[in-house]
Amino acid sequence: MSAHERSHISTARRIVVKVGSSSITGANVHQIGPLIEALAETHGRGAEIVLVSSGAVPSGMRHLGLDERPSDLATQQAAASVGQNVLAAIYRETLEGHGIFTGQVLLTEGDLLNEPHRANTRRTINRLLDLRTLPIVNENDTVATHGLRFGDNDRLAAMLSVLIRADLLVLLSDVDALYTKPPQLPGAERIDDIGYDQPLVGMEFGGSSGAGVGTGGANTKVKAARLAAAAGTAVLVTATPLAARALRGEHLGTWFEPAPMAPDRILL
Amino acid sequence: MSVLGREGVRQASRIVVKVGSSSISGANVDQIPRLVDALAAAHGRGAEIVLVSSGAIATGMPYLRLDERPTDLATQQAAASVGQNLLIFRYQNSLDRYDIVAGQVLLTAGDLENAAPRSNARRAMDRLLGLRILPIVNENDTVATHEIRFGDNDRLAALVATLVRADLLVLLSDVDALYTRPPHLPGAERIENVGLGDTLAGVEFGASVSGVGTGGAGTKVSAARIAAQAGTAVLVTSTALVAEALDGAPIGTWFEPAPPVGTDRLS
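Not measured: the values here are computed from a predicted model.

What counts and how
- Sequence order as written defines residue numbering, which begins from 1 separately in each chain.
- Chains and ligands are labelled sequentially in the order written, the chains with letters from A and the ligands with numbers from 1.
- Totals for whole chains, interfaces and linings use every residue, but because this is a predicted model, local features are given only for residues with pLDDT of at least 70 and side-chain atom pairs only at 80 or more, for both listing and counting.
- Processing note: side-chain calculations cover all non-hydrogen atoms of the structure and skip hydrogens and water entirely.
- Helix and strand assignments follow DSSP, with helices taken as H or I runs no shorter than four residues and strands as E runs no shorter than two, numbered in order from the N terminus.
- In this scheme, a helix's expected span is set at 1.5 Å multiplied by one less than its residue total.
- Only protein chains enter the accessibility calculation, which uses a 1.4 Å probe. A residue is then buried if its area is under 20% of the maximum for its type, exposed if over 50%, and partly exposed in between.
- Two residues qualify as a contact provided that any one of their heavy atoms is within 4.5 Å of a heavy atom in the partner residue.
- Two strands make a pair as long as DSSP finds a minimum of two bridges between them.
- Here the axes come from fitting lines to C-alpha atoms, over the contacting stretch only for helices, and the angles between their N-to-C directions go from 0 to 180 degrees.
- Buried area counts how much accessible surface, traced with a 1.4 Å probe, disappears from two parts once they are put together, with both parts' losses summed.
- By definition, a salt bridge exists where a carboxyl oxygen of Asp or Glu is found within 4 Å of a side-chain nitrogen of Lys or Arg.
- Any pair of nitrogen or oxygen atoms within 3.5 Å is treated as a polar contact; in protein, a donor-acceptor pairing is required on top of that, and neighbouring residues in sequence qualify only through side-chain atoms on both sides.

Turning our eyes to something else, we now look at helix α7 (residues 218-230) of chain A. All names here are of chain A. Between its terminal C-alpha atoms α7 stretches 18 Å, which fits the 18 Å expected from 13 residues at 1.5 Å a residue. Within the sequence span of α7, burial applies to T220, K221, V222, A224, A225, A228 and A229. Buried residues in α7 make contact with β1 (14-19), α6 (153-163), β5 (168-173), β7 (234-239) and β8 (254-256). Among the residues trailing α7, G232 stands out with phi positive, at a value near 100°.

Residue and element names in this part refer to chain B. The strand order across the open sheet built from eight strands is β3-β4-β2-β1-β5-β9-β10-β8, with neighbouring strands paired in mixed fashion. Looking at strand neighbours, the two that pair on one side only are β3 (102-107) and β8 (193-194), the edges of this open sheet. Packed on one face of the sheet, helix α6 (residues 115-130) meets β1 (14-19), β2 (48-53), β3 and β4 (134-139) and runs near 120° to β2.

All names here are of chain A. Along the chain, E115 connects to P116 via a cis peptide bond; the corresponding omega equals 5°. Note on placement: P116 falls in the loop between α4 (109-113) and α5 (117-130). One non-glycine residue, R132, lies in the positive phi region at around 65°. Tracing the backbone shows R132 in the loop between α5 and β4 (134-139).

To continue, consider the interface of chain A and chain B. Across the contact, 39 residues belong to chain A and 39 residues belong to chain B. The contact between chain A and chain B buries some 3,100 Å² in all, and 58% of this surface belongs to carbon and sulfur atoms. For the interface between chain A and chain B, the tally reads zero salt bridges. Joining chain A to chain B, the criterion identifies 14 residue pairs in polar contact (both at pLDDT 80 or more). Within the residue set of the side of chain A that touches chain B, elements represented by two or more residues are α3 (73-96), β3 (102-107) and α5 of chain A. With 14 residues, α3 of chain A is the single largest residue contributor to the side of chain A that touches chain B.

Function cannot be inferred from these measures alone, as they are strictly geometric.
What follows is the structure, given as structure tokens:
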């Protein structure tokens, strides 16, 4: 079921792709087009794709007349409320051009953690995939509170991958791979792959990406990747502009080997 | 929030308008611009407007190649998922003519029943309204399960109206008012006013007939009572009469609101 080796990426059946805020908004808004092309191409070869997309808050900021990410929760939620429409429309219109219909799914943590919501979410996403639509998932920013937030969509994407038994999770951001320490520091080395039971010693994963737009970072990616890999989903961490090449199976980014699964797969 | 009478509609400062699925989808999708004209007029005179709109499932159905409303929950939710953004887009397209920005708010019953998400949702709505954005609210059909659904958007609209302390709730559907019995039956009479304590004994309310939405006269009455008892005036009328409704015309069925706690009712 899962893409045990990198070579299986190009034939992975069910893939969750997560893209961060800073790589598709602001100065990087031009990167959203090629990303959508990559998704369409992969869908076209018969794969089931779910996109987890951040970016609602920055997409809405312009309509609220804001240059910087708002610091108070209510204004963030207002920006997300407007921006989610903008973002979802971009995906919907562009993918429709490829004959692919999209579905918007806004979740809170409870929808992935608690029953009956969890089973309901699984059935809905499965139904959307059966119908060959491409679900576009995001946290329901407008109603999620600080206490309940996922914190970042990396974790949401990992939990979703486990819920729907994805073969592969691709975490896309501004950096082409994970490094043993923040890549701009001297001595930082690119990490090619991480075994499912490999301890991560001597590595220094940074927190926030520093872009000031999103809330993720290497640290959250590693935690999310380990969560998914432990449950049997292979994970690839790379940069958004490399999405097409990654999905075609080129050897790039950091690969997290999935844990071998017992016949009854353990769900978190 | 003061007690609003029919004559005060044009001065209402915060209004929730709820429109049903059959009024704005399928054959009626061209009603959206007319509805937006009326909302924009009220917005333009300074009122804060919230739109509660059904229609996600009906909007999504053609994209799943479904001719009839799906009966299994998963397909309903898939249709809602596909239709929701397109529905908002149709409203935003129409709102662009007035430079009004829409914000999408998807809620589940839990968001309004539990204290933390409830006050959170209220603050978010207040902020949207303060920024002169038009919140377009719907139930989060894609994730809501049968056990925890609002039941119908009439009830959601009433709960939203009480959440944001609206002066007025306007419930729009295909019928111009409430009647003493289903309006196509002989002897049916229009109900003009429902007083706060009026039990509407002897009135025969039906369920939905359009086959697209889930509302009907019965759900409207229940919802209107929720809002009126919490102090929000309610007007039940048809989508075709929305402009007249927001202008204070003597149409539809009016539900008198409860006075704010601590004040004397003026007769």
